[in-house]
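Each chain, letter by letter, is given below.
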Amino acid sequence: MLSSGFSLVFVFFFVVTLALRYWLASRHVRHVLRHRSAVPAEFAAKIPLGAHQKAADYTVAKTRFGLYSALWGGLVLVGFTLFGGLQAISTAVLHATGPGMMHQILLVVAFAVVSGLLDLPFSYYRQFVLEQRFGFNKMTVGLWLADLVKGGLVGAVIGLPLVWVVLTLMDRTGNLWWLYAWLVWSAFQLLMMVLYPTVIAPLFNKFTPLADATLKDRIEGLMARVGFASKGLFVMDGSKRSAHGNAYFSGFGANKRIVFFDTLLERLAPPEIEAVLAHELGHFKLKHIVKRIAVLFALSLAFLALLGWLKGQTWFYTGLGVQPLLGGSNDAMALLLFMLVLPVFTFPFSPLSSFTSRKHEFEADAFAAQHSDARNLVSALVKMYEDNASTLTPDPLHSAFYDSHPPAWVRVQQLQASGAV
């Protein structure tokens, strides 16, 4: 009874989530197309109609592609669970290895490989059809394949030891394994924040010190004004993969780096770059990064505690199409099932995360207006939205579920209302 009941609950949430995603995508497409013929009044003097229409077409294409990806992902999810895909993989691995840790590790590896292969056509289409169509793709097939290989190797080198540690804790540390696993996972996340800028990221991109002395002096002056210390200012060769531009911070503690895409530096004027950086500095100075990490750690603790209970419940496995091993460990299977089905149950709560993120973006904009010229931030936002073909007219509900940043016109209005512009 519990098994059948859980299957019904899972199917209910699965259908609701898929229907909600379809409804949101349909709303978004209709809303963007309805406003395609005219640039919003706030941007009419700054963005050409052709650029606005390109952004609308790009947004519609991405949204439709995302919907097809979601439908395919739903089929894959049901295939892995209710249709017995994970059970078949586990049985095949078990026949090859017998019960034990090797079975557990190889089950995770086999799942990762199969999942990656199933996603490969969509990844290829996204890069070489969708992005290519709108002029954003700069990758060659060779670079794309090299990234896949390097990403797989890095994932294996980093991920497999972590998986082994977590599975060992699940097997040997009793009912509180989830607490010990959480401590390990949290430490691992902090370690990755330290290692990513200097060890992992350079495997994929070239980072060179910022050479523009005038811009460097301007940025260092901004950092001095707000009291921010950095390990350096770097330019990343993002143009070898994409025409999109961005800037970001990486690292943690004393290991923080400021990174600019070369495409961003080519497009924005120095005062605009300073304003964008002031916004990003606002996230650090206002403790947004620390708050997000704290929320992430709190949620991971809650979810691991939930998994700690679920892994001992037979109905959790059978309700998702898996027969748990009677004479062996089911820890890896529990991890995989939990990872697969969790998004189905949490998607309806996505606006909560988006709301918090948007609040932080408004606060960072206000911080930037205090420490740089807000007019430069507005002009930089306009250029970035135009260059990245980001729609100026998203559907409000779709945006509430998916967008971590407020729409451009809302950000500009907020800056104007505050008297900064």
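Data block above holds the structure.
What you are looking at is a predicted structure, and each value in this text was computed from that prediction instead of being measured.

A word on the overall build of the chain. Summing up its helical and strand segments, the chain has 16 helices and four strands in all. For a compact globule of 421 residues, the expected C-alpha radius of gyration is about 22 Å, and the chain comes in at 24 Å, within 12% of that figure. With the principal axes as the frame, the chain shows a C-alpha extent of 70 × 50 × 40 Å. For the chain, the proportion of its 421 residues judged to be buried stands at 44%. Counting contacts in the chain only where the partners sit at least 6 residues apart, residues at least 24 apart contribute 76% of the total. Total accessible area on the chain stands at roughly 20,600 Å², and carbon and sulfur atoms take up 67% of it.

A few words now on a nonpolar patch on the surface. Residues Val 11, Val 15, Leu 82 and Phe 83 make up a contiguous nonpolar surface patch of roughly 380 Å² in combined accessible area. Within the secondary structure, Phe 83 is located in the loop between α2 (49-80) and α3 (85-97). Judged by its relative accessible area of 70%, Phe 83 falls in the exposed class.

The next thing to look at is the environment of Glu 386. Within the secondary structure, Glu 386 is located in helix α14 (residues 374-387). Sequence separation between Glu 386 and Ala 55 is 331 residues, and the spatial gap between their C-alpha atoms is 7.4 Å. Excluding its chain neighbours within four sequence positions, the residues that come into contact with Glu 386 are Lys 46, Ile 47, Pro 48, Ala 51 and Arg 267.

Once that is clear, we can look at the packing of aromatic side chains. Applying the stated criterion across every chain, the model contains 22 aromatic pairs. Between the aromatic rings of Phe 347 and Tyr 402, the centroid separation amounts to 5.9 Å while the plane-to-plane angle is 50 degrees, which identifies the pairing as tilted. A residue pair is termed long-range when its members are at least 10 positions apart, and Phe 347 in the loop between α12 (331-346) and α13 (350-371) and Tyr 402 in helix α15 (residues 396-402) qualify at 55 residues. Classification of Phe 347 as buried rests on a relative accessible area of 10%. Using a relative accessible area of 34% as the deciding quantity, one classes Tyr 402 as partly exposed.

Reading across from one edge, β1-β2-β4-β3 is the order of the four strands in this open sheet, with mixed pairing throughout. The open sheet has two edge strands, β1 (207-209) and β3 (247-250), and neither has a second partner. Geometrically, the sheet is characterised by an average inter-axis angle of 35 degrees between neighbouring strands, direction not taken into account. Note that strand β2 (residues 233-236) and strand β4 (residues 257-261) share four bridges and pair parallel.

The topology assignment puts Val 15 in helix α1 (residues 2-34). The spacing of Val 15 and Val 344 is 329 residues in sequence and 9.0 Å in space, taken between C-alpha atoms.

Running from amino to carboxyl end, helix α6 (residues 177-200) crosses helix α10 (residues 288-310) at an angle of 150 degrees, the nearest separation of the two axes being 9 Å. In terms of orientation, α6 lies roughly antiparallel with respect to α10. When you trace α6 past α10, the crossing you get is right-handed. Residues Trp 177, Trp 178, Leu 179, Ala 181, Trp 182, Trp 185, Ser 186, Gln 189, Leu 190 and Met 193 of α6 lie in contact with α10, whose contacting residues are Ile 293, Leu 296, Phe 297, Ser 300, Leu 301, Leu 304, Ala 305, Leu 307 and Gly 308. Looking at the contact of α6 with α10 residue by residue, the classes come out as 15 nonpolar, four polar and no charged.

Turning our attention to the side chain of Asp 395. Tracing the chain through its elements places Asp 395 in the loop between α14 and α15. Assessed through its relative accessible area of 2%, Asp 395 is described here as buried. In this structure the side chain of Asp 395 is engaged in a polar contact, spanning 3.0 Å, whose partner is the backbone nitrogen of His 398. Once residues within four sequence positions are removed from consideration, Asp 395 is found in contact with Arg 27, His 28 and His 31.

With that out of the way, let us pick up the environment of Ile 293. With respect to the helices and strands, Ile 293 occurs in helix α10. We classify Ile 293 as buried; its relative accessible area is 13%.

What counts, and at which threshold
- Residues numbered from 1 in each chain as written.
- Predicted model: local features only at pLDDT ≥ 70, side-chain atom pairs only at ≥ 80, totals over all residues.
- Heavy atoms only, no water.
- Helix = DSSP H or I, 4+ residues; strand = E, 2+ residues; numbered from the N terminus.
- Rg over C-alpha atoms; globule rule 2.2 N^0.38 Å.
- Buried < 20%, exposed > 50% of the residue type's maximum accessible area, 1.4 Å probe, protein only.
- Contact = heavy atoms within 4.5 Å.
- Areas by Shrake-Rupley, 256 points an atom, 1.4 Å probe, with all protein chains shown as cover.
- Patch = residues over 30% accessible without salt bridge, like charges linked within 9 Å, V, L, I, M, F, W, Y side chains within 5 Å.
- Salt bridge = Lys/Arg side-chain N within 4 Å of Asp/Glu carboxyl O.
- Phe/Tyr/Trp six-rings, centres within 6.5 Å; stacked < 30°, edge-to-face > 60°.
- Pairing = 2+ DSSP bridges.
- Axes fitted to C-alpha atoms, helices over the stretch in contact; angles between N-to-C directions.
- Parallel < 35°, antiparallel > 145°, perpendicular 65-115°, else oblique.
- Left-handed = near helix turned anticlockwise from the far one by under 90°.
- Nonpolar A, V, L, I, M, F, W, Y, C, P; charged D, E, K, R; others polar.
- Polar contact = N/O pair within 3.5 Å; in protein donor to acceptor, adjacent residues only side chain to side chain.

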